[in-house]
Structures are given as structure tokens and as C-alpha cells.
Amino acid sequence: MTEKTAEPLADAVHHLTYRACRENITRLVTSGPSVADLPVPACPGWSVRDLVGHLVLVCRMVVDEEPGEISEPPAPAPGIPVAELVATWFELEKELPRALPRADWLRRRILPLDAFSHELDLRTALGIPPPDRHPALADALDLAVMGFTLSLHEHGLPALRIQTPDRAWTAGESEPAATLRGESSEIFRALTGRRTARQIGELSWSASSAVWLPAFTWGPFTPPTHPVEEAVPTGPAVGGHTRN
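Treat the numbers as computed from the prediction; the structure is a model and nothing was measured. (Residues numbered from 1 in each chain as written. Predicted model: local features only at pLDDT ≥ 70, side-chain atom pairs only at ≥ 80, totals over all residues. Heavy atoms only, no water.)

Undergrad: An account of the packing of helix 6 (residues 137-155) against helix 7 (residues 184-191) is needed here, citing residue identities and associated values.
TA: Between helix 6 and helix 7, whose axes approach to 10 Å, the crossing angle comes to 40 degrees. By the criterion of interaxial angle, the relationship of helix 6 to helix 7 is oblique. Between helix 6 and helix 7 the crossing geometry is left-handed. On helix 7, the residues touching Leu137, Ala140, Leu141, Ala144, Val145 and Phe148 of helix 6 are Ser184, Ser185, Ile187, Phe188 and Leu191. Residue composition of the contact of helix 6 with helix 7, by class: nine nonpolar, two polar and no charged. (Axes fitted to C-alpha atoms, helices over the stretch in contact; angles between N-to-C directions. Helix = DSSP H or I, 4+ residues; strand = E, 2+ residues; numbered from the N terminus. Parallel < 35°, antiparallel > 145°, perpendicular 65-115°, else oblique. Left-handed = near helix turned anticlockwise from the far one by under 90°. Contact = heavy atoms within 4.5 Å. Nonpolar A, V, L, I, M, F, W, Y, C, P; charged D, E, K, R; others polar.)

Okay, here's the thing in C-alpha cells:
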């Protein structure tokens, strides 16, 4: 699938990228007394408090080695103060060096992907841009492309080349029928249900995006019907048409 990709991360690195997300999120959600009740547009129906509660539940599932899909945990209990949630999260994260090596490889990688995705959701809700280089992005994007590749297969769609400024993948098993280009963060957001079908089509495509749009619904991810955040403009593809 991947033509140029990062080496698989060791358990310790998964933990460190996850910790970076937790620390960033903790700092953001404790930045003011009114932050907890703000809505999170990328997670309809959620407040900032709900987002943190979700992350605490996911971390607890991994630490307690509970079976089940950690991308779809039960809803968090309402009304728990954010300060209490982040304190609980801090204590749970201390147990990850013990728990992660016993988890299957997919759970080890989904954990930081989920935290990174929700950190971006939170930043959008607060109007704060992501850092230029986030330590969780590379592996999270690899995993998202893997999920998208499985979705292509399930939908019976042709292979697609996905290209960012420093990496490239062939999603699918045959010769790619088209190329999708974009910044790493934009491709990640498109693959993880944070871009509408129209926004996906406005990325840089060498052919019409319509053929591949069904595959953007996979796992817990579905393109929203209305924009949840502004996309970063993408420059034209070289030698191909780019807009639908």
C-alpha cells in the first residue's frame, strides 16, 4: 500500500505521541472557565467536556484491557468537571507503558489517532491552529490510509494514489486510476470524516473525485453533510484537472 512511509512505531513512541496529544488537550481545555461548555462542531452534539470524557473512556478501555472497539466507546457521563476529567486522564496515562505492549497492534495505533483527531477537533472549536509538525500526524495518517484502502476494497473501487509533499501511498492493489494530492493534515481530515463531499472534491484530484467518494465512509468516519471546519486551499495538481 505505502510507497513511502514512516517506519512502524515502537510502543514507547505510540505512548509519547499520545502523551503529546493529552498534554496539548489538557492545556487547551483548562485555558479558561468557559471552555468546557463550548460546542465542538466536528463532533455534533458534543461539548468540550464531552470530548474530554470520551478520551478518558478510551484511555481507560486500553488500560483496563477491555475488549471492544475503542473508536466507539460508550457515551461519557454528563456533568463531570473538566478538571476532574483531566486529572483522571493523567493518572490513567501513567499505566499505558504497561498496557500498550499487551494490546494488539491496531489498538496501539488507534489510541493516538483518536486523541490526535480530537485534538484537531478541539483546536477548530477554539479557533486555534494546529502546530506545524505534530508528532502524532505521520502514524495517524498511515493508519487512516490503511482504513481507506480497506474501504476501497469493500466498495470494489479502483486504486488511488495519495500524495502529500513528503509521502506517497498507493491505496488499493492495482495500478492507481487517479491521484489525490494535498497537505498531510488536509488528507488526514478528509479521510477521517471532517470534510464534506464537496470539500473532498475541492482537494487536488487528477480525475473526478466522485468515483472514490463512497470509500470516505469507513469505520466510525462519515463525511459530514455540512462543513465542520474550513479546509486549507490546495494548489492545482500537475498535469491533471483538480476541481469537480
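Picking up after the structure, the text goes on.
Undergrad: So what about the nonpolar core? Which residues, and what values?
TA: Among the nonpolar cores identified, the biggest contains 61 residues, and Phe148, Phe188 and Phe216 are the most heavily contacted of them. Elements with a contribution of two residues or more to this core: helix 1 (11-29), helix 2 (48-63), helix 3 (82-93), helix 5 (105-126), helix 6, strand 2 (160-163), strand 3 (168-171) and helix 7. Counting residues per element, this core draws most heavily on helix 2, which supplies 10 residues. (Core = buried A, V, L, I, M, F, W, Y, C linked by side-chain atoms within 4.5 Å. Buried < 20%, exposed > 50% of the residue type's maximum accessible area, 1.4 Å probe, protein only.)

Undergrad: Break down the confidence of the model for the protein for me, citing the residues and quoting the values.
TA: Across the protein, the average pLDDT comes to 89, with 91% of residues at 70 or higher. Confidence drops under pLDDT 50 across residues 4-8; counting only partners more than four residues distant or on other chains, this segment forms eight contacts. Here residues 235-244 is modelled with pLDDT under 50, and outside its nearest four sequence neighbours on either side it reaches 26 contacts, counting other chains as well. (pLDDT = per-residue confidence, 0-100.)

Undergrad: Which residues make up unusual backbone geometry, and what values go with them?
TA: A positive phi angle is found at Glu65, which is not glycine, with a value near 55 degrees. One can find Glu65 in the loop between helix 2 and helix 3. Assessed through its relative accessible area of 38%, Glu65 is described here as partly exposed.

Undergrad: Mind laying out the side chain of His118, listing which residues take part and the relevant values?
TA: As for its placement among the helices and strands, His118 is situated in helix 5. In this structure His118 comes out as buried when scored by relative accessible area, which is 6%. Within the structure, the side chain of His118 is placed 3.3 Å from the side chain of His54, a separation counted as a polar contact. There is a polar contact of 2.9 Å between the side chain of His118 and the side chain of Asp121. (Polar contact = N/O pair within 3.5 Å; in protein donor to acceptor, adjacent residues only side chain to side chain.)

Undergrad: Please set out the state of the cysteines residue by residue, giving values where relevant.
TA: Enumeration over the complete set of coordinates arrives at zero disulfides. For the unlinked cysteine Cys43, the closest cysteine sulfur is that of Cys21, found at 14 Å. On the accessibility criterion, Cys43 (8% relative accessible area) is buried. The thiol sulfur of Cys59 is not disulfide-bonded, and the nearest other cysteine sulfur, from Cys21, lies at 12 Å. (Disulfide = S-S within 2.5 Å.)

Undergrad: Help me get a handle on the side chain of Thr192, residues and values and all.
TA: Position of Thr192 among the secondary structure elements: in the loop between helix 7 and helix 8 (197-201). Since its relative accessible area comes to 0%, Thr192 is described here as buried. Polar side-chain contacts of Thr192 include one of 2.6 Å to the backbone oxygen of Phe188. Not counting the four nearest positions on each side in its chain, Thr192 is found in contact with Ala144 and Phe221.

Undergrad: Can you lay out the packing of aromatic side chains for me, pointing to particular residues and giving the numbers?
TA: Evaluation of the coordinates by the stated rule reveals six aromatic pairs. Arranged with centres 4.8 Å apart and planes meeting at 55 degrees, the rings of Phe148 and Phe216 form a pair that is tilted. You can see Phe148 sitting in helix 6 and its partner Phe216 sitting in the segment after strand 5 (204-205), a full 68 residues away along the chain. Phe216 carries the same exposure label as Phe148, and that label is buried. Centroid distance Trp218 to Phe221: 4.9 Å. Interplanar angle 65 degrees. Geometry classified as edge-to-face. Joined through ring pairs, the aromatic side chains of Phe148, Trp205, Trp212 and Phe216 make up one cluster. (Phe/Tyr/Trp six-rings, centres within 6.5 Å; stacked < 30°, edge-to-face > 60°.)

Undergrad: Describe helix 7, with residues and values.
TA: Burial analysis of helix 7 places seven of its eight residues in the buried class, the great majority of the element. Here helix 7 has its buried residues at Ser184, Glu186, Ile187, Phe188, Arg189, Ala190 and Leu191. On its buried face, helix 7 is in contact with helix 5, helix 6, strand 2, strand 4 (179-181) and helix 8. Phi turns positive one or two residues past the end of helix 7, at Gly193, with a value near 70 degrees.

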